[in-house]
Amino acid sequence: MIKKLLFILMLIAPLAIFSQVINQSGNWPNTDWSLSGNYDPTFLYENPTVVSGSASFSFDDDDATSASINNIAVESPIINLTPAFNASETSIIVTFQYVLNLFQTETLKLQYWDSDASQWIDWDSPLEENSGSASGFCDDAFSTHTSTPLNIIGFSNNQLQNFRYRIFYDDNTSWGFGFCIEQPSIISQQPPACPSVANLEANGVTASEAMITWSTGSTETSWQYALQLAGEGPPTSGTNTTATSQNLSGLNFGTDYIFYVRANCDGDGYSVWTSVSFTTDLDLPITYSTQSVSTSGTNRAVVDMNGDFLDDIVSISATNVNINFQQSSGGFTERNITTTNADFTPSWSLAAGDFNADGYNDLLYGAGSGVTFMRTIVEPGNVGNGDPYDDVSGFTELSTSEYVFSQRSNFADINNDGNLDAFVCHDVAPNVYYISDASGNLTFYQSDDPSAPVSLGVYPSGGNYGSIWIDYDNDRDLDMFIAKCGGETARRTNQMHTNNGSGNYTENAAAIGLDDPMQTWSSAWGDFDNDGDMDVFVGASSGSHKLMRNDNNSFVDATSGSGISTLSATSIETVTHDLDNDGNLDVISGGNVLFGNGDLTFTVYENIFPGSGSYGDLNNDGFIDRFNGTLYMSDGNANNWIKINTIGKAYDTPERSNRNGIGARVEIHTPSGTQIRDVRSGDGFRYMSSLNTHFGLGTETTVNSIVIYWPSGVVDVVVNPTINSTTTVIEGDTLSIEDEALADVKIYPNPVKDVLTITTSAQLTDYVATVFDINGKRIMNHKLSSNTLNVNELQTGIYFLRLESEGRSIKRKFIKQ
């Protein structure tokens, strides 16, 4: 021990040249020192705080075993720094020798007591490991730790008079090895001959770079610098430089850093560390500017409310619909439309759609005990008067008497009669829906009622949270997925209600790999790998998110390697849009954004937005914006885009689709491939987003065609539309394209009783066969896997068979016996 103590004295000697007031060792063993913490005293092998104790401080965490949680500190007595301060010795240094073997997350730190804050403050970064021994630490080779000079010039009288320091070991609930500390020494000295550097600044901060500059403090010609993560504390050493600037590169985006620099005082040590903090940019593919918008009520929707296809902002209260109408010239016109008292407000969800086909969207309020519909009242005298913001003069309130604990609500044409129906997830009972007639009258059904037209979720205690209507199997009709949550396994097992093409639905989640009993309130459906079919991100409300790849209408877990596991936050709200217009769908989960790479992988950015909201284009620039009290307006980028508005013609003929075209599949074909979207009302969990169909194009400068598959069976093809603009398509207004590959097609027997056989030289796999009646109404839809079609359920009469693929088709007439 004598040799070690002599070494410490030799080490202190150069520092002591400046020392005038404080220069004292720990003088271990010393009963003026104390122990603190929670530890097993059995394994405190060297105790310097008791009579006849040790000149060392040693604890063996390994011998204490994994079941023992230990944190222990040796604390100095009070040291009054006032005399040193008055003598201008404002630099305090502690030095000691130590041995440390780390195993997991343990730390050994030097700390000082801040009596103003009544807390221990880290003096330096945690000590570095220097041993491989698992026991007998005091017999191992020691390293010397000399603290960063502590500048006390800003200390209060209380902090000076009640100063203490300690050496603190914490195994942080892990199982470690241990340490040995030789008695420390503390000195005070005048600051080095050169003062701290001046004008330390961080400029030019990007996602990965920053330029740091400073000015000399005196006559020094060299410095040390160090870059630390925020929270790591001051460094103990740095990198030498003769420059007064450092260009930092390779930084992590969205990260808090602290840059430290100190002057080399020409043999007189170093000045104290001076620091500057900065945060790197997020390196977002798209950025947003915030704007304030005046609203009243609960902010729930971004959707067109006056028929001009410009997205508006909708907020709801019991007796008022507050609408900020988007102006074609930019900005908003605010209107408050008084309503009769709504029996139920959209405390759980809001959906929008034109269920009476008058060209103006109506609203569905989903509450905790019932459902209210608000049907728009259009003032004919105001339509076309030059002021599009007063067309809607009011709302007719239609509240139902049935108890419904509403969750997600949607508008969809459930029975494909051209009239828009409403679906509401029920939390504590089988699901409910409302079938609309041609006049917009609604008939209530609950799925477990034997008289209900179709079954759409009959689990007795509900558990139905996030419904979404999509065409997952590419057979041109609507299917419905339900994200489920809570209770026993059966109650929280997700469901898929697959449309069989002739008016019935079959729950088959287990057969296609989607019967997961995870806890989820919503899912985001989109073609995340751009291969022509819908994949799904199932957002976890607790637990882990899942990504499922559509593999020929069966789903395969693609979570591993996708990047979504880096998203630590859960959310009840999950939706998908192409925010950066690069042609790849992104996922928005709460306030977090997973930017899609187009190959079922994502780059995750957390906390982009505060919470969830509604999405749409609120300045008609082709980029998706967000609203939930505050407007997040996309700053845009150089990527191209195209928007499509769909107008179904059920208002003109009952054999056509609902006015919004909800349920239509929209495709765009470009030189690099195909993108797909489904027109849908109500995704995520609570909010309503735009009914306009939006595609990002990236650097594409051409769209070869838009193909729209309407719920009625009509197919429209728009050739060479203009990009960076909006195309409005009215159902049936484009010329059909005949499939020349099917010019030789024949069908038999004709008349047919049960099975129709199709002969052609072309390969029919993946063609969609649609049967229309003599009035043009779609009766049956089926994706072919062979050259036969079962028509035995058709009534006797004359029908037309259409075979279609990629917008090209051919028709043949047949008679059903």
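Please refer to the structure placed before this passage.
Residues numbered from 1 in each chain as written. Predicted model: local features only at pLDDT ≥ 70, side-chain atom pairs only at ≥ 80, totals over all residues. Heavy atoms only, no water.

**So, the state of the cysteines**
The cut-off we apply is this: The disulfide definition used here is simple: a pair of cysteine sulfur atoms within 2.5 Å. Numbering of helices and strands runs from the N terminus; a helix is a DSSP stretch of H or I covering at least four residues, while a strand is a stretch of E covering at least two. Burial status follows relative accessibility: with a 1.4 Å probe on protein chains alone, a residue under 20% of its type maximum counts as buried, one over 50% as exposed, and anything between as partly exposed.
What the rule picks out here adds up to 2 disulfides. Bridging C138 to C180, the disulfide has an S-S length of 2.1 Å. The sign of the 85° torsion about the S-S bond sets the C138-C180 disulfide as right-handed. Here C180 lies in strand 11 (residues 178-182) and C138 lies in the loop between strand 7 (119-122) and strand 8 (143-146), a separation of 42 residues in the sequence. Put simply, C194 and C265 are joined by a disulfide, and their sulfur atoms are 2.0 Å apart. Across the S-S bond of C194 and C265 the torsion is about -75°, and the bridge reads as left-handed. With C194 in the loop between strand 12 (185-189) and strand 13 (198-203) and C265 in the loop between strand 18 (256-263) and strand 19 (274-279), this residue pair connects regions lying 71 residues apart in the sequence. A single burial state applies to C194 and to C265, both of which are buried.

**Details of unusual backbone geometry**
A cis geometry characterises the amide bond from W28 onward to P29, with omega recorded as -10°. Tracing the backbone shows P29 in the loop between strand 1 (23-25) and strand 2 (34-38). Here the amide bond leading from N750 into P751 is cis, since omega sits at 10°, within 30 degrees of zero. Here N27, not a glycine, exhibits a phi torsion of approximately 55°, which is positive. You can see N27 is positioned in the loop between strand 1 and strand 2.

**Overview of the nonpolar core**
To be explicit about the condition: We define a nonpolar core as any set of buried Ala, Val, Leu, Ile, Met, Phe, Trp, Tyr and Cys residues linked to one another through side-chain atoms lying within 4.5 Å. Throughout, a residue-residue contact means that at least one pair of heavy atoms, one from each residue, lies within 4.5 Å.
Judged by nonpolar contacts, the single largest core of 50 residues is most densely connected at L363, F411, I644 and I706. Contact partners of I706, with chain neighbours within four places excluded, come to I642, I644, V666, E667, I668, D716, V717, V718, P721 and T727. Counting 34 residues, the second-largest nonpolar core is a separate cluster that includes F43, V74, I181 and I186.

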